[in-house]
Amino acid sequence: MTASRALPAPHATPLDLGGRTALVTGAAGGIGRACALRLAAAGAKVRAVDRDAAGLETLADAASDLGGAVEPHVLDLTDLDAAELAAAGTDVLVNNAGLQLVRPIEEFPPDVFHTVLTVMLEAPFRLIRGALPHMYGQGWGRIVNVSSVHGLRASAYKSAYVAAKHGLEGLSKTTALEGAPHGVTSNCVNPAYVRTPLVEKQIADQARAHGIPEERVLSEVMLRDSAVRRLIEPEEVAEAVAYLCGPQASFVTGTSLVLDGGWTAH
């Protein structure tokens, strides 16, 4: 798989989260890791949530090297009660954790469908539910839901992922309407394919589902509808998250910030 690679996005968005606590799910790698490091660089104390204990330790070391503070929190988000408790006292919540399986609907395992919806829709609801009392109490909060272009468009063979992301869009908008009187914003960030392990792992599934060789998946499936024909870097997504957490975005709520290289312009 080959594609042109953008340089990592610089920390260009003005952001001071000193004294704030941020929670990032799926923080051990990919977009979550980039978001955790970005928010830590802005001065936040970051609760990094993931099942991958080793990945979280590596993240904490990387943040420390940059002068930031990351607190590893090993958690399986299918434990919904624990997820809600973990969000208590947070000022910034980034719902990022996700998983993917590419299968036709008639072959899609119902238990996997259930797990995807639990991790990617029900867990964000519980995390938001846990975070809002503190945010409302102080009159300030930022909720950023890492959605996808698949929260706005569908693709074949991704029934669970597309359903979860579409649901996340609705949850985010509802949260925005309820949170506005309390100084809380809620938005989605919607990237197309990002250079992450989640994307790398679905190459074989995509090839099998579409009946093409793996080396053709990137150009013929993943980047087919993108005007900018490359993968997005995790740091670029993290910079969009940072923007939505900053004071310049205080009037931005209930919307979706699309980073799709022109996909939805069709």
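Check the entry above for the structure.
Read on for a plain summary of the structure. Owing to the predicted nature of the structure, the values given are computational and were not obtained by experimental measurement.

Let us now look at the environment of S186. Structurally, S186 can be placed in strand 6 (residues 184-191). Residue classification places S186 among the buried positions, given a relative accessible area of 0%. When the C-alpha atoms of S186 and R47 are compared, they prove to be 19 Å apart, with 139 residues separating the residues in sequence. Beyond its immediate stretch of four places on either side in the chain, S186 contacts I143, N145, S172, T175, A176, T253, G254 and T255.

What follows deals with the packing of aromatic side chains. Tallying each qualifying case throughout the model produces two aromatic pairs. Residues F108 and F113 carry aromatic rings whose centres are separated by 6.1 Å and whose planes lie at 85 degrees to one another, so their mutual orientation is edge-to-face. Overall, F113 belongs to the partly exposed group, its relative accessible area being 33%. Relative to W263, the ring of Y193 has its centre 6.0 Å away and its plane inclined at 20 degrees; by these criteria the two rings are stacked.

This next bit is on the side chain of N190. If you trace the backbone, N190 turns up in strand 6. Given a relative accessible area of 0%, N190 falls into the buried group. At 3.4 Å, the side chain of N190 and the side chain of S147 are in polar contact. At 2.9 Å, the side chain of N190 forms a polar contact with the backbone oxygen of S148. When residues no more than four places from it in sequence are discounted, the contact partners of N190 are S147, S148, V149, L152, E169, S256, L257, V258, L259 and D260.

What follows deals with the packing of helix 4 (residues 110-138) against helix 5 (residues 159-179). Across the interface, helix 4 lies against helix 5 with an axial gap of 8 Å and an inter-helix angle of 15 degrees. If you check the angle between helix 4 and helix 5, you find them roughly parallel. The hand of the helix 4/helix 5 crossing is right-handed. Along its contact with helix 4, which presents F113, V116, L117, M120, L121, P124, F125, I128 and Y136, the element helix 5 presents S159, A160, Y161, A163, A164, K165, G167, L168, L171, T175, E178 and G179.

Read across the sheet, seven strands follow the order 3-2-1-4-5-6-7 without closing on themselves; strand pairing throughout is parallel. Only two strands of the sheet have a single neighbouring strand rather than two, namely strand 3 (69-74) and strand 7 (256-259). Pairs of neighbouring strands in the sheet enclose a mean axial angle of 15 degrees, with direction left out of account. Both strand 6 and strand 7 contribute to a ladder of four bridges, which runs parallel. When the sheet's bridge partners are listed, C188 is paired in strand 7 with S256. In the packing of helix 5 onto the sheet, contacts are made with strand 5 (141-146), strand 6 and strand 7, and the angle to strand 6 comes to roughly 155 degrees.

Turning our eyes to something else, we now look at helix 4. The first and last C-alpha atoms of helix 4 sit 41 Å apart over 29 residues, in line with the 42 Å expected at 1.5 Å per residue. In the structure, helix 4 departs most strongly from a straight axis at T118, where the bend amounts to approximately 40 degrees. Of the residues one or two after helix 4, G139 is the one with positive phi, at around 75 degrees.

Basis of the calculations
Residues numbered from 1 in each chain as written. Predicted model: local features only at pLDDT ≥ 70, side-chain atom pairs only at ≥ 80, totals over all residues. Heavy atoms only, no water. Helix = DSSP H or I, 4+ residues; strand = E, 2+ residues; numbered from the N terminus. Buried < 20%, exposed > 50% of the residue type's maximum accessible area, 1.4 Å probe, protein only. Contact = heavy atoms within 4.5 Å. Phe/Tyr/Trp six-rings, centres within 6.5 Å; stacked < 30°, edge-to-face > 60°. Polar contact = N/O pair within 3.5 Å; in protein donor to acceptor, adjacent residues only side chain to side chain. Axes fitted to C-alpha atoms, helices over the stretch in contact; angles between N-to-C directions. Parallel < 35°, antiparallel > 145°, perpendicular 65-115°, else oblique. Left-handed = near helix turned anticlockwise from the far one by under 90°. Pairing = 2+ DSSP bridges. Expected span 1.5 Å × (residues − 1). Bend = angle between axes of the 7 residues up to and from the residue.

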